[in-house]
Amino acid sequence: MTLALMAYLAASSNAFGIVATVSVVAVEPGVGIIHELEPGETATMIVIVRWDDPSAQFAGMRGDTIASGPMGDITNVGSALRDPGATQPFVRLGEPWAGSLVGTDIAIIPQTFTATPWPWTLSNEEMQFVHFDWTAPAVSSPTEVRFDFRAHPLAPSPRFFPNLGFVVNWVEADTTYVGTTLTILPAPASLGMVVCSLGLMARTRRGSERRPSSIAPSGGRR
């Protein structure tokens, strides 16, 4: 890359000044955003991109959705950006690894080459980048699991095509990353275990009440 081209791209980025937020949220269908799970329960983890300029078309993003621990199982990885009815963007959903999703890489063709807008071109208020189901593991005490999107070093921020994709040189946004925390609560004891425990306590108490004292009464016969 020549110095002149680097200077032009830097100037373009500064001129458009797009501001973005990349958030990770945990959602339970029919409930909404959640922050607690029990072992074996599943939440849908969604990476959401928002940006301040509705005239800018999303161009792409690359990175990993990391779960601290590591723990949990991942299934049903998908993306709203994989649209079978349109020209396919470059989509690498990533691979599950120890409760995290690593290697997600999605790039979009600019609108000027597709003739029609992408369905998500103007959805700057909430665009779902990638999603997956995460199932909580067994724990013996309340355990917090943190989820964060970590951008790849070669693409440290989401990229955008200004002016509805009619400017084909992408620019990187000034980006804030926001994660979320799930607290995994130990599964409650079953009713049968509780009843057995109460029965054992009652038998122990009755046994202690019937046991004769081994200490002779004061002033008794010797």
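Everything discussed here concerns the structure shown above.
Residues numbered from 1 in each chain as written. Predicted model: local features only at pLDDT ≥ 70, side-chain atom pairs only at ≥ 80, totals over all residues. Heavy atoms only, no water.

Enquirer: Explain the overall build of the protein to me, please; I cannot follow it from the model alone.
Expert: Helix and strand counts for the protein come out as two helices and 15 strands. By residue count, 36% of the 222 residues in the protein fall in the buried class. The long-range fraction of contacts in the protein, counting pairs at least 24 apart against all pairs at least 6 apart in sequence, stands at 77%. Of the roughly 12800 Å² that the protein leaves accessible, carbon and sulfur atoms contribute 58%. (Helix = DSSP H or I, 4+ residues; strand = E, 2+ residues; numbered from the N terminus. Buried < 20%, exposed > 50% of the residue type's maximum accessible area, 1.4 Å probe, protein only. Contact = heavy atoms within 4.5 Å. Areas by Shrake-Rupley, 256 points an atom, 1.4 Å probe, with all protein chains shown as cover.)

Enquirer: Just checking my understanding: could you explain the pairing of strand S1 (residues 19–28) for this structure?
Expert: Consecutive residues of a regular strand have side chains that alternate between opposite faces of the sheet. Relative to strand S14 (residues 174–178), S1 is paired through five bridges, and the arrangement is parallel. By the bridge assignment for S14, Ala20 is matched with Thr175. Here two bridges tie S1 to strand S2 (residues 32–33), and the two strands are oriented antiparallel to one another. Looking across to S2, one finds that Val27 is bridged to Ile33. Following S1, the chain reverses through three residues before pairing antiparallel with S2; Gly30 in that reversal takes a positive phi of roughly 85°. (Pairing = 2+ DSSP bridges.)

Enquirer: I tried to follow the layout of surface pockets on my own but got confused; where do I start?
Expert: Over the atoms rolls a probe the size of a water molecule, and in doing so it shows where empty space is left. In this model, the largest pocket occupies a volume close to 190 Å³. Along its surface, the largest pocket is lined by 13 residues, and Gly60, Met61, Asp105, Ala107 and Arg159 are the ones closest to its centre. Among the elements of the structure, strand S5 (57–67), strand S9 (100–107) and strand S12 (159–161) are those that each provide at least two residues to the lining of the largest pocket. When residues of the lining of the largest pocket are assigned to their parent elements, the largest contribution, four residues, is made by S5. Residues of the lining of the largest pocket, tallied by class, amount to nine nonpolar, one polar and three charged. (1 Å grid on protein atoms, 1.4 Å probe; cavity = no way out; pocket = protein on both sides within 12 Å on 5 of 7 lines; lining within 4 Å. Points joined across faces, edges and corners; volume = space filled by probe spheres on them. Nonpolar A, V, L, I, M, F, W, Y, C, P; charged D, E, K, R; others polar.)

Enquirer: What is the right way to look at the packing of aromatic side chains in this model?
Expert: Here a ring pair, both rings aromatic, is described through the centre-centre distance and the interplanar angle of the planes. Under the definition given, this model contains seven aromatic pairs. A centroid spacing of 4.9 Å and a plane angle of 50° characterise the contact between Trp51 and Phe160, whose relative ring orientation is tilted. With Trp51 in strand S4 (residues 42–51) and Phe160 in strand S12, the pair connects residues that are 109 residues apart, well separated along the chain. This pair shows no difference in class: Trp51 is buried, exactly as Phe160 is. Between the aromatic rings of Trp134 and Phe147, the centroid separation amounts to 5.1 Å while the plane-to-plane angle is 85°, which identifies the pairing as edge-to-face. With Trp134 in strand S10 (residues 127–135) and Phe147 in strand S11 (residues 143–151), this residue pair connects regions lying 13 residues apart in the sequence. (Phe/Tyr/Trp six-rings, centres within 6.5 Å; stacked < 30°, edge-to-face > 60°.)

Enquirer: What am I meant to see in the side chain of Ser23 here?
Expert: Relative to the elements of secondary structure, Ser23 occurs in strand S1. Excluding residues within four positions of it along the chain, Ser23 makes contact with Ile46, Val47, Ile48, Arg50 and Val178.

Enquirer: When you look at the nonpolar core in this model, what are you seeing that I'm missing?
Expert: Soluble globular proteins tend to bury their nonpolar side chains together. Of all hydrophobic cores here, the largest spans 38 residues; its most connected members are Phe58, Phe129, Trp134 and Leu182. Within the residue set of this core, elements represented by two or more residues are S1, S4, S5, S9, S10, S11 and strand S15 (180–184). Setting aside residues no more than four positions away along its own chain, Leu182 makes contact with Ala26, Ile34, His35, Glu36, Leu37, Ala43, Met45, Trp134, Thr143, Glu144, Val145 and Phe147. (Core = buried A, V, L, I, M, F, W, Y, C linked by side-chain atoms within 4.5 Å.)

Enquirer: Before we go on, may I ask you to explain the pairing of S10 in this structure?
Expert: Burial analysis of S10 places seven of its nine residues in the buried class, the great majority of the element. Bridging between S4 and S10 involves eight bridges; their strand directions are antiparallel. Bridging across to S10, Met45 finds its partner in Phe132. Here strand S6 (residues 73–78) pairs with S10 via four bridges, running antiparallel. Within S10, the position partnered with Asp73 by the bridge is Thr135.

Enquirer: Can you walk me through the environment of Val47 in this structure?
Expert: Within the element layout of this structure, Val47 appears in strand S4. When the C-alpha positions of Val47 and Met127 are compared, they lie 8.5 Å apart, and in sequence the two are 80 residues distant. Setting aside chain neighbours within four positions, we find Val47 in contact with Val22, Ser23, Val24, Met61, Thr65, Met127, Gln128, Phe129, Val130 and Phe149.

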